[in-house]
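# Structural characterization, general
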Amino acid sequence: MKKQLVRALMAAVCLSAGEAYAAQAITLNGFLTAGATYSGTEVSVGSPLTPSGGSVTQDGLITNNVGFSNDSRLGIQISAKVNAKVDVTGQLLATGREDNYNMKADWAFVTYHVTDPVAVRAGKVKLTTFLISDYIEVGYAYPWIRPPQEVYSSNPISTINGVDMLMRLNFGDATFLFQPYYGTSQGAQALVPQEAFVLFPTLSTPGSVVYTDFTADRMLGVNMSLGTDIFTIRAGYLQTLVSATSFQVKEDDVKFSSVGGTLDWHNVVLYGEYFQREIAGFANAAFPNQKGFYTTVGYRIGKFLPNVTYAKLDENMQNTGAGMGDVGTPLIQSSVTLGLRYELGTGAALKL
């Protein structure tokens with residue numbers, strides 16, 4: 001069953017503030033994104049928990065009224081050096097669609113520098129699943145208003161409570177990063193079901209979805225990248241046990257892998273990523289096996305960066321999830337997105 005991507009117009013102003021205050025080894029940084037969204041599809045009967053109509057996305061419902069909550073966010077990052085070996089970092093994040101811009105701790109971890117190339121972090125750290133996972137909240141740092149959803153909505157977990165290791169090795173102008181990690185995630189929300197059910201027609205109606213909480217335990221993974229000032233290539237793999245009480249899912253196996261790369265050479269800007277997700281047990285009904293990719297091509301003309309993105313989400317036949325593959329069909333969609341970025345000066349940009 002194919003789902004057409006509803007046309008949506010989005011605009012955003014993205015700001016990135018540099019160091020604002022530094023005293024007694026304390027550093028304060030911040031960023032702001034102010035975004036407006038509009039959908040050409042009217043919203044019919046529904047509620048925030050069971051949206052109907054409009055453009056239903058992992059980041060909220062885009063309605064046929066101009067809204068400023070889905071893509072607006074404010075972040076403040078605080079870091080402090082305890083001694084030559086230890087420092088602490090915290091990031092407070094406020095988003096428009098959650099709790100009316102109430103601040104929450106998005107990051108909170110301590111770093112121990114074992115040697116010059118090796119550091120260990122413990123606490124609430126960013127989960128590096130994709131190219132821009134480390135700075136996905138900083139809208140100024142990438143060309144799109146939202147990264148392509150056919151790929152980036154496939155893993156709604158953005159942070160984990162646990163430990164990771166950062167090993168950076170320099171090879172001339174290139175830096176290699178090796179980052180194994182282990183931890184858990186609680187309270188993440190996903191848009192489900194991501195599958196059209198033949199036996200339950202009401203779940204096949206566009207918009208008949210819910211945002212459900214789920215947990216991921218014993219999350220073990222690795223992230224690797226090689227980068228220079230011109231290009232970055234990365235690959236990652238993780239496995240975990242997913243539970244979602246609303247779907248009677250308890251500790252079902254999940255495997256997730258992704259590869260990607262970006263190039264910024266002269267005036268040419270390229271991005272591309274691919275992911276593959278395999279989920280066993282009944283969790284496969286809510287989070288079916290999927291794969292997807294996107295490719296972005298842009299070209300700088302003065303302060304302008306026009307760009308085009310083609311993205312596709314498809315079913316992944318590697319594993320049918322203990323027979324659940326016959327119950328429903330994973331959602332399939334593709335999209336073409338035209339974008340335009342204009343530099344407003346150092347650290348600020350306007351995107352359409």
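Residues numbered from 1 in each chain as written. Predicted model: local features only at pLDDT ≥ 70, side-chain atom pairs only at ≥ 80, totals over all residues. Heavy atoms only, no water.

A few words now on the overall build of the protein. Each helix and strand in the protein was counted, giving two helices and 20 strands. Of all 352 residues assigned to the protein, the portion counted as buried reaches 43%. Nonlocal contacts in the protein, meaning residues at least 24 apart in sequence, comprise 60% of its contacts between residues at least 6 apart. Of the roughly 17,400 Å² of accessible surface on the protein, 61% is carried by carbon and sulfur atoms. (Helix = DSSP H or I, 4+ residues; strand = E, 2+ residues; numbered from the N terminus. Buried < 20%, exposed > 50% of the residue type's maximum accessible area, 1.4 Å probe, protein only. Contact = heavy atoms within 4.5 Å. Areas by Shrake-Rupley, 256 points an atom, 1.4 Å probe, with all protein chains shown as cover.)

Before going further, it helps to spend a moment on the nonpolar core. Counting 36 residues, the largest nonpolar core has Leu127, Tyr152, Ile157, Ile160, Phe214, Met219 and Tyr294 as the members making the most contacts within it. Elements that contribute at least two residues to this core include exactly strand S7 (104-113), helix H1 (149-152), strand S10 (174-192), strand S12 (210-227), strand S13 (231-244), strand S14 (249-265), strand S15 (268-279) and strand S17 (304-315). Once you skip the residues sitting within four places of it in the chain, Met219 turns out to touch Leu127, Ile157, Ile160, Tyr181, Tyr182, Gly183, Ser185, Leu238, Gln239 and Thr240. (Core = buried A, V, L, I, M, F, W, Y, C linked by side-chain atoms within 4.5 Å.)

Under the definition given, this model contains three cavities of 30 Å³ or more. Computed from the structure, the largest cavity encloses a volume of approximately 190 Å³. Counting only elements with at least two residues in the lining of the largest cavity, the list comes to S12, S13, S14 and S15. Per element, the largest residue contribution to the lining of the largest cavity is three residues, and it comes from S13. The residue inventory of the lining of the largest cavity, partitioned by class, reads eleven nonpolar, four polar and one charged. Reported here for the second largest cavity is a volume of approximately 40 Å³. Around the second largest cavity sit Thr128, Thr129, Tyr181, Val222, Arg234, Gly236, Tyr237, Leu238, Phe256 and Ser258, which together line it. Those elements that place two or more of their residues in the lining of the second largest cavity are S13 and S14. With four residues, the top contributor of residues to the lining of the second largest cavity is S13. Partitioned by chemical class, the residues of the lining of the second largest cavity number five nonpolar, four polar and one charged. (1 Å grid on protein atoms, 1.4 Å probe; cavity = no way out; pocket = protein on both sides within 12 Å on 5 of 7 lines; lining within 4 Å. Points joined across faces, edges and corners; volume = space filled by probe spheres on them. Nonpolar A, V, L, I, M, F, W, Y, C, P; charged D, E, K, R; others polar.)

Time to look at the pattern of salt bridges. For the structure on display, the rule yields seven salt bridges. In this structure, Arg300 engages Asp264 in a salt bridge whose closest nitrogen and oxygen atoms are separated by 2.8 Å. With Arg300 in the loop between strand S16 (290-299) and S17 and Asp264 in strand S14, this pair connects stretches of sequence that are 36 residues apart. In this structure Asp264 comes out as partly exposed when scored by relative accessible area, which is 33%. (Salt bridge = Lys/Arg side-chain N within 4 Å of Asp/Glu carboxyl O.)

Here we come to the pairing of strand S5 (residues 73-81). Two elements, strand S2 (residues 26-39) and S5, share eight bridges in a ladder whose sense is antiparallel. Its bridge partner being in S5, Phe31 is matched across the sheet by Gly75. As paired strands, S5 and strand S6 (residues 86-95) are joined by nine bridges and run antiparallel to one another. Across the sheet, Leu74 pairs through a bridge with Ala94, a residue of S6. With antiparallel pairing between neighbouring strands as the criterion, S5 and S6 make up a hairpin whose turn holds four residues. (Pairing = 2+ DSSP bridges.)

Shape descriptors only; they carry no functional weight alone.
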